[in-house]
Amino acid sequence: MPKNEKDVPERTYITDKQALDFHAYPTPGKLALLPTKPMATQRDLSLAYSPGVAVPVEAIAADPDSVYDYTSKGNMVAVISNGTAILGLGNLGAMASKPVMEGKSVLFKRFADIDSFDIEVEEEDAQKFIECVQRFGNTFGGINLEDIGSPECFIIEQELRDKLDIPVFHDDQHGTAIIATAGLINACHLTGRKFEDIKVVLSGAGAAGLSVLGLIKRLGVKDENAIVLDSRGVVYKGRAEYMDQWKAPHAVDTKLRTLAEAMVGADVFLGLSVAGIVNKDMVKSMAKNPIIFAMANPNPEISPELIKEARSDAIIATGRSDYPNQVNNVLGFPYIFRGALDVRARNVNEEMKLACAHALADLARQDVPEEVAAAYHGKRPQYGPEYIIPAPFDPRLISEIPPYVAQAAMDTGVARKPIEDMEAYKHSLARRQDPTASLLQGIQSTVIDNPKTIVFAEGEEPAVIRAAQAYQQRGLGKAILIGREKPIRDNMKLLGMEDDGSLEILNARLFDRNPEFTETLYAKLQRWGYLRRDCQRLVNNDRNVFSALMLHHNLADGMVTGVTRSYDIALRDVRLVLNHDANERTMGVSVIISRGKTLFIADTNITELPSAVDLADIATTTAKFARRFGFEPKVAFLSYSTFGNPVGERMEKVRDAVRILDERGADFVYEGDLAADVALDPLHGLKYPFSRLNGAANVLVMPAIHSASISTKLMDCVGGATVLGPFLTGLERPVQICGLGATASEIIRMATLAAFDPGREPEDS
């Protein structure tokens, strides 16, 4: 077959040394094992092993299905290969496949929170390989077969599916097929085609190619409209050479014999073969708006550059990450197994694969979140010819795709444990990927039940515009953008946002209550050196001041700002208008979420060197804050000392704060002075039996702002924790201040917090 007239791009984005160093340092390989139960005491060991382990052993012997309840089987996948078809490198042996299999296991964990082990089997005989895997297969909840040569891969997968009562999935076949099908669904949607009408050319009659063809035929592609080619040319009826039982069903009655002949008038080219077999003349011969999926790796059948030279109307996909529309298996296998494991499916059937493809296609049509834009170096992709397949780092994949797969498993009768509440299941999936999801979902639900109007002070900023639109679309309430109408609408157009007029825009200079706002501000500031014209200038030009005045005059319920100004400056502006809440302390609370633990830390951004009274007030406000989030506060006053050892000036202030709370009769548990490690040790009572804390603290009151700020920022950067906030409390109306350059997702979070207003009790309480 002819070669391209130009060289195909080489892999220049990493060097060999960089790749080797990545896999070698600081620890060889990409996997490690962490226990899920404590192993710190003799009791822990007795429960984990002898004699305690005998109890679940007997339970499983009596009811084999209870193995899912007492072991990790239900969240464990084996990634298995014999190394006979490693990537595009061929048969290099089982051990050579280990880096790939480890990588696959890492992807399972990263994208779907599935534990996975790689197993390399040194056996090329299909039947012996099957016998080997069959003997240990049921140890796992599912099996992912990988990099196994054709046609053995077909035999191995089918027989293991028949012999094992768990999902067995050959990703090289079905993963590629599912993602390519999703892309083809959207490519046909964009070009106005129907599957039953399209003419398809498939180059590559291996495992992946035939699997793609099988799926799209289920969507309506007619047998006579699908031409398959292998290294010998067209697979036609009557051909005897190089045929097998998997190609034969796709043989058609045709006079076409070459790829060039097959491409004439074709709507779709699917390439899963080798680099350089398609040229520009072939592309020119295709139908209007051709769909070209050149998916050979590492180099495609024809480069996108050459396709564009031949046709400006083509929709292109490849297997490479440096071009748009990457057909990337990581979009499929983690989420297919997630859905299959969660319903304890007996296998992965065609309906589950198609459900995954449709879910992916649907997701690509939705507006993408900030995380996707970040993966594209700030360029926000939009549904269209260059974005028909979701980005692998779209955080919605984990909550959007598995439910489709699980539902298909239930509908087709292969699920042993049906999901009763699909919405609750979606929320649980989001929590697997994002430790903050559980906390934020409850807040969001509360706000949806009681929607609030939020002012977005920096309304001309693109991220703020997106956040405001999302705030309304999610049913959280009404958003008001402060700014000039033309720049806002121009930015909406640049962002590709639908401007349906639903977003309210307020220009401070043109607002009819501007004089009233000026008088309000002047009455407040006239004895602080401000002239009326100074106040007029602030109302006209300072959007934080104007937004705060909107709250003061009850024209909105809360506001969010901080994207373009530092925290201190934004807070100073707001405080020109809004007073302190008489019942609360103005302060910042940061929320830290790590490995299932949630900590509230205060004061992280207002009081530099709090007195004993300040510390007592901070503790009281933070305890109330934690209760609004659904946590019963256990407050620890932190210090470098523990119960007076060693002695120091700051320690005395901390101990005085405890005495003040004693005198006030505080209605929450508190203790101090405590070092941080003692406060967070659930067993510290063994050493300090007089401690009033029952277990670990969840509210940490810092002795000064520097310790609060340093500790939270360290945890955010290197501590493996997610830090939310700081959240502002204690003003007379709800205000939240984002960090400089906050993303739309972060702004939405802060706007939702302003609507929820954790610093106050609910209105109906």
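Conventions we followed
Residues numbered from 1 in each chain as written. Predicted model: local features only at pLDDT ≥ 70, side-chain atom pairs only at ≥ 80, totals over all residues. Heavy atoms only, no water. Helix = DSSP H or I, 4+ residues; strand = E, 2+ residues; numbered from the N terminus. Buried < 20%, exposed > 50% of the residue type's maximum accessible area, 1.4 Å probe, protein only. Contact = heavy atoms within 4.5 Å. Areas by Shrake-Rupley, 256 points an atom, 1.4 Å probe, with all protein chains shown as cover. Lys, Arg positive; Asp, Glu negative; His and termini not counted. Charge placed at Lys NZ, Arg CZ, Asp CG, Glu CD. Pairing = 2+ DSSP bridges. Axes fitted to C-alpha atoms, helices over the stretch in contact; angles between N-to-C directions. Phe/Tyr/Trp six-rings, centres within 6.5 Å; stacked < 30°, edge-to-face > 60°. Lys NZ or Arg CZ within 6 Å of the ring centre and 35° of its normal. Salt bridge = Lys/Arg side-chain N within 4 Å of Asp/Glu carboxyl O. Right-handed = clockwise from strand over helix to strand, strands pointing away. Expected span 1.5 Å × (residues − 1). Patch = residues over 30% accessible without salt bridge, like charges linked within 9 Å, V, L, I, M, F, W, Y side chains within 5 Å.

What follows deals with the overall build of the protein chain. Helices and strands together make up the secondary structure of the protein chain, namely 30 helices and 21 strands. Counting only C-alpha atoms and orienting by the principal axes, one finds that the protein chain spans roughly 95 × 75 × 50 Å. Across the 765 residues of the protein chain, 53% fall into the buried class. Sequence separation of at least 24 residues holds for 70% of the intrachain contacts in the protein chain that already meet a minimum separation of 6. For the protein chain, the computed accessible surface area is about 34900 Å², with 52% contributed by carbon and sulfur atoms. The protein chain carries 84 positive and 102 negative side-chain charges, and their two centres are separated by 3 Å.

This next bit is on the side chain of Thr453. Along the chain, Thr453 turns up in strand β11 (residues 452–456). The residues touching Thr453, leaving out its near neighbours within four places in the chain, are Lys478, Ile480, Leu555, Ala556, Asp557 and Gly558.

With that settled, consider the sheet that holds strand β15 (residues 587–594). Hydrogen bonds between backbone atoms are what pair the strands of a sheet, whose relative direction is either parallel or antiparallel. Taking strand neighbours across the sheet as the criterion, the six strands line up as β18-β17-β19-β16-β15-β20 in an open arrangement whose pairing is mixed. Either end of the sheet is taken by a strand with one partner, and the two such strands are β18 (669–674) and β20 (722–729). Taking each pair of neighbouring strands and ignoring which way they run, the sheet shows an average axis angle of 20°. With three bridges connecting them, strand β17 (residues 634–638) and strand β19 (residues 699–701) associate as parallel partners. Residue pairing across strands places Phe637 opposite Val701, the latter belonging to β19.

Checked against the element boundaries, Gly83 lands in the loop between β1 (76–81) and α5 (98–112). As a C-alpha pair, Gly83 and Val121 span 38 residues in sequence and 8.2 Å in three-dimensional space. In contact with Gly83, other than residues within four places in its own chain, are Gly90, Asn91, Leu92, Gly93, Ala94, Ser97 and Asp147.

Throughout the structure, instances matching the rule amount to 19 aromatic pairs. Ring centres of Phe511 and Phe546 lie 5.6 Å apart, and the angle between their planes is 85°; this geometry places the pair in the edge-to-face category. Here Phe511, found in the loop between β13 (504–506) and α21 (514–525), pairs with Phe546, found in helix α23 (residues 543–552); they are 35 residues apart in sequence, far enough to count as distant. Taking the centre distance of 6.2 Å and the plane angle of 25° together, the rings of Phe625 and Phe727 count as stacked. Residue Phe625 is located in helix α25 (residues 612–628), and its partner Phe727 is located in strand β20; the two are separated by 102 residues in the primary sequence. Phe727 carries the same exposure label as Phe625, and that label is buried. Through a chain of ring-to-ring contacts, the aromatic side chains of Phe600, Phe625, Phe629, Phe631, Phe727 and Phe756 assemble into a single cluster. A cation over an aromatic ring shows up here: Arg232 above the ring of Tyr242, its NZ or CZ 4.4 Å from the ring centre. Against the face of Tyr236 rests Arg257, its NZ or CZ located 3.6 Å from the ring centre.

Read from one edge to the other, the open sheet built from five strands follows the order β13-β12-β11-β14-β21, with strand pairing classed as parallel. This sheet does not close on itself; its edge strands, each paired only once, are β13 and β21 (735–737). For this sheet, the mean angle separating the axes of adjacent strands, direction not counted, is 25°. Packing against the sheet, helix α19 (residues 462–473) makes contact with β11 and β12 (477–482), and its axis sits at approximately 160° to β12. Across the face of the sheet, helix α24 (residues 567–575) comes into contact with β14 (558–561) and β21 while running at roughly 160° to β21.

Our focus in this paragraph is the pattern of salt bridges. Under the criterion given, the structure shown has 48 salt bridges. For Lys247, the salt bridge is made with Asp230, and the minimal N-O distance between the two is 2.8 Å. Here Lys247 is found in the loop between β7 (233–234) and α10 (259–263), whereas its partner Asp230 is found in strand β6 (residues 226–230), with 17 residues between them in sequence. Here Asp573 ties to Arg572 by a salt bridge, and the two come within 3.3 Å at their closest N and O atoms. Asp573 gets classed as buried once you look at its relative accessible area, which sits at 2%. On the basis of relative accessibility, which here comes to 51%, the residue Arg572 falls in the exposed class. Several salt bridges share partner residues, and in doing so they unite Asp542, Arg565, Arg572 and Asp573 into one network.

This brings us to the environment of Ser399. With respect to the helices, strands and loops of the structure, Ser399 is situated in helix α16 (residues 397–411). With 33 residues separating them in the primary sequence, Ser399 and Arg432 have C-alpha atoms 9.1 Å apart. Not counting residues within four places of it along the chain, the set of residues in contact with Ser399 comprises Lys426, Leu429 and Ala430.

What follows deals with unusual backbone geometry. Cis geometry marks the peptide bond from Ser150 to Pro151, where omega comes out at 10°. Checked against the element boundaries, Pro151 lands in the loop between β3 (142–145) and α7 (152–163). In the segment running from Gly725 into Pro726, the intervening peptide bond is cis, with an omega of 10°. Within the fold, Pro726 resides in strand β20. For Asp147, which is not glycine, the phi dihedral falls at a positive 55°. Within the fold, Asp147 resides in the loop between β3 and α7. Of the residues examined, Asp147 reaches a relative accessible area of 3% and is grouped as buried. Backbone geometry places Asn289, a non-glycine residue, at a positive phi of 50°. Here Asn289 is to be found in the loop between α11 (280–284) and β9 (291–294).

This next bit is on the pairing of strand β2 (residues 115–120). Only one face of β2 is buried: it carries Ser116, Asp118 and Glu120, and the other face, with Asp115, Phe117 and Ile119, is open. Pairing of β1 with β2 involves six bridges; the strand directions are parallel. Bridge pairing in β2 links Val77 to Ser116. Handedness of the β1-α5-β2 crossover: right-handed.

Another point: α7. For α7, spanning twelve residues, the distance from its first C-alpha to its last is 16 Å, which sits close to the expected 16 Å at 1.5 Å a residue. Turning to α7, its buried residues are Cys153, Phe154, Ile156, Glu157 and Leu160.

Nonpolar side chains collect at one region of the surface, where Tyr49, Val53 and Val57 lie side by side and expose about 310 Å² of accessible area between them. Along the chain, Val53 falls in the loop between α2 (42–48) and α3 (54–62). You can call Val53 partly exposed: its relative accessible area is 31%.

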